Amino acid sequence: MYLINADTAVMDLKMTLETITYLQDLNMVDFDKNYVKAKKPVILSNFISNSDAFKNWNYDYFRKEAGNKLVAVHGSEHAHPDYVTSPAESEMTFSNYLDLIEEGPSELRLFLFNLLVYKPKLRKALQVTPPMKGFLTNFPLLFFGGEGASVRYHYDIDMSHVFLSQFEGEKKIYLFPNNQSVFLYKLPFNFHGLVDLRNPDYEKYPALKLLKGWECTLKPGETLYIPSGYWHYIQYLSQGYSVSHRALSASFADKLTGFKNIFIIRRIDNILRRLFGQKWFDYKLKKANRNTKKYL
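Residues numbered from 1 in each chain as written. Predicted model: local features only at pLDDT ≥ 70, side-chain atom pairs only at ≥ 80, totals over all residues. Heavy atoms only, no water.

Engineer: What is the right way to read the overall build of the protein chain from this model?
Structural biologist: The secondary structure content of the protein chain amounts to seven helices and 15 strands. Taking 19 Å as the expected radius of gyration for a compact globule of 296 residues, we find that the protein chain reaches 19 Å, a close match to that expectation. For the protein chain, the spread of C-alpha atoms along the principal axes amounts to about 55 × 45 × 35 Å. Split into buried and exposed, the 296 residues of the protein chain put 51% on the buried side. Counted over contacts in the protein chain with a minimum sequence separation of 6, partners at least 24 positions apart contribute 80%. Carbon and sulfur atoms make up 54% of the accessible area of the protein chain, which amounts to about 14,400 Å² in all. Between the averaged position of the 38 positive side-chain charges in the protein chain and that of its 30 negative side-chain charges there is a distance of 9 Å. (Helix = DSSP H or I, 4+ residues; strand = E, 2+ residues; numbered from the N terminus. Rg over C-alpha atoms; globule rule 2.2 N^0.38 Å. Buried < 20%, exposed > 50% of the residue type's maximum accessible area, 1.4 Å probe, protein only. Contact = heavy atoms within 4.5 Å. Areas by Shrake-Rupley, 256 points an atom, 1.4 Å probe, with all protein chains shown as cover. Lys, Arg positive; Asp, Glu negative; His and termini not counted. Charge placed at Lys NZ, Arg CZ, Asp CG, Glu CD.)

Laid out in structure tokens, this is it:
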């Protein structure tokens, strides 16, 4: 069972969210015991703050190094509810995209942007000390968004741990353990749900009242540790970007689940979507509501 302490913060007097704590000094043994094995999120204060990347990277630097690169731009999280992230809406140069989000609020995002493959020399500036076994230093990904943009709540299907480092701007983030899936109206054969967590409708989705999770406002220089299997919802409070590192789970059960998610469940969903279209999506909606009602 997932327990909440007495000093828990409550959003709208319904959904229960505990504030994520900070960790100043990172010790691999203690981190593994107190956070990885305990599956407890934490904010690392000094993970990237001393890196050359955090000191030197900014939008002008990106314009100089990769401004002419074409990037796929994603829109509102609500545009395509049958997908974890909406398909790209258009392409534009990286420089033009940075101009756009600096000019004012925008829901447009860059999702899983692999800039460091396009410009490998940038990776040298992003030197970090691995905080745990299985940490992947060679596959950092960038996420950009305008003020007001958001990412539909989901959990990563490969069941890896995530280290999300904020470089510019601020993000509001909600986290929920995987055992809260039923209260999030998880779609069957998918890894996301459709509730608007920014403006939760407790009458339409009463199980939200039973949700227990975590929240934080992630600021520049901070890194959020998201344990494997955790649901995460992200809202851009201002334009900005972050860098994501992953770490493979040591759990055989997590590895097996990740394999099944990627190579079996996702493929079944794609096949049935192509065969039945809207009928398949409607079935998943009804099934998600039926599954949740069992716990009310």
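Engineer: Please explain the pattern of salt bridges as it appears in this structure.
Structural biologist: Side chains that differ in charge, positive against negative, can pair when their charged atoms come close. What the rule picks out here adds up to 13 salt bridges. Between Glu65 and Lys121 there is a salt bridge, and its shortest N-O distance comes to 3.1 Å. Taken as a pair, Glu65 in helix α3 (residues 59-66) and Lys121 in the loop between α5 (115-118) and β8 (135-145) lie far apart in primary sequence, 56 residues in all. Notably, a salt bridge pairs Arg273 with Asp269, separated by 2.7 Å at the nearest N-O pair. Taken as a pair, Arg273 and Asp269 lie in helix α6 (residues 252-276) at a separation of four residues, close to a single helical turn. The residues Arg273 and Asp269 share a single accessibility class, namely buried. One continuous salt-bridge network, built from bridges that share partners, spans Asp60, Arg63, Asp99 and Glu102. (Salt bridge = Lys/Arg side-chain N within 4 Å of Asp/Glu carboxyl O.)

Engineer: Where do I start with the side chain of Ser165 in this structure?
Structural biologist: Relative to the assigned elements, Ser165 resides in strand β10 (residues 161-168). Looking at Ser165, the relative accessible area reads 0%, which means it is buried. Within the local environment of Ser165, its side chain forms a polar contact with the side chain of Thr223, the two groups lying 2.7 Å apart. Apart from residues lying up to four places away in sequence, Ser165 is in contact with Phe47, Ile48, Glu222, Thr223, Ser242 and Val243. (Polar contact = N/O pair within 3.5 Å; in protein donor to acceptor, adjacent residues only side chain to side chain.)

Engineer: Can you walk me through the pairing of strand β13 (residues 223-226) in this structure?
Structural biologist: Along β13, one buried face is formed by Thr223 and Tyr225 and the opposite face, lined by Leu224 and Ile226, is buried too. With three bridges connecting them, strand β4 (residues 42-44) and β13 associate as antiparallel partners. The residue of β13 that forms the bridge with Val42 is Tyr225. (Pairing = 2+ DSSP bridges.)

Engineer: Could you clarify how one ought to interpret helix α1 (residues 28-36) in this entry?
Structural biologist: Side chains that are three or four residues apart share a direction in an α-helix, a result of its 3.6 residues per turn. Where α1 is concerned, the buried positions are Phe31, Tyr35 and Val36. Down the axis, α1 shows its buried residues gathered within 75 degrees of arc, on one side only. In this structure, α1 carries Val29 and Lys33 as exposed residues pointing more than 90 degrees from its buried face. Looking at the buried residues of α1, the elements they touch are β3 (22-23), β4, β10 and β13. Its side-chain oxygen 3.0 Å from the backbone nitrogen of Val29, Asn27 forms the N-cap of α1. (Arc of directions from axis to C-beta.)

Engineer: Teacher, can you tell me more about the nonpolar core here?
Structural biologist: Considering soluble globular proteins, one finds that nonpolar side chains tend to be buried as a cluster. Phe31, Trp57, Phe62, Phe94, Tyr97, Leu142 and Phe144 are the most contacted members of the largest nonpolar core, which totals 39 residues. The biggest single contributor to this core is helix α4 (residues 94-103), with four residues. Apart from the residues lying within four places of it in its own chain, the contact partners of Phe62 are Trp57, Gly67, Phe94, Leu98, Leu115, Leu142, Phe144 and Tyr241. (Core = buried A, V, L, I, M, F, W, Y, C linked by side-chain atoms within 4.5 Å.)

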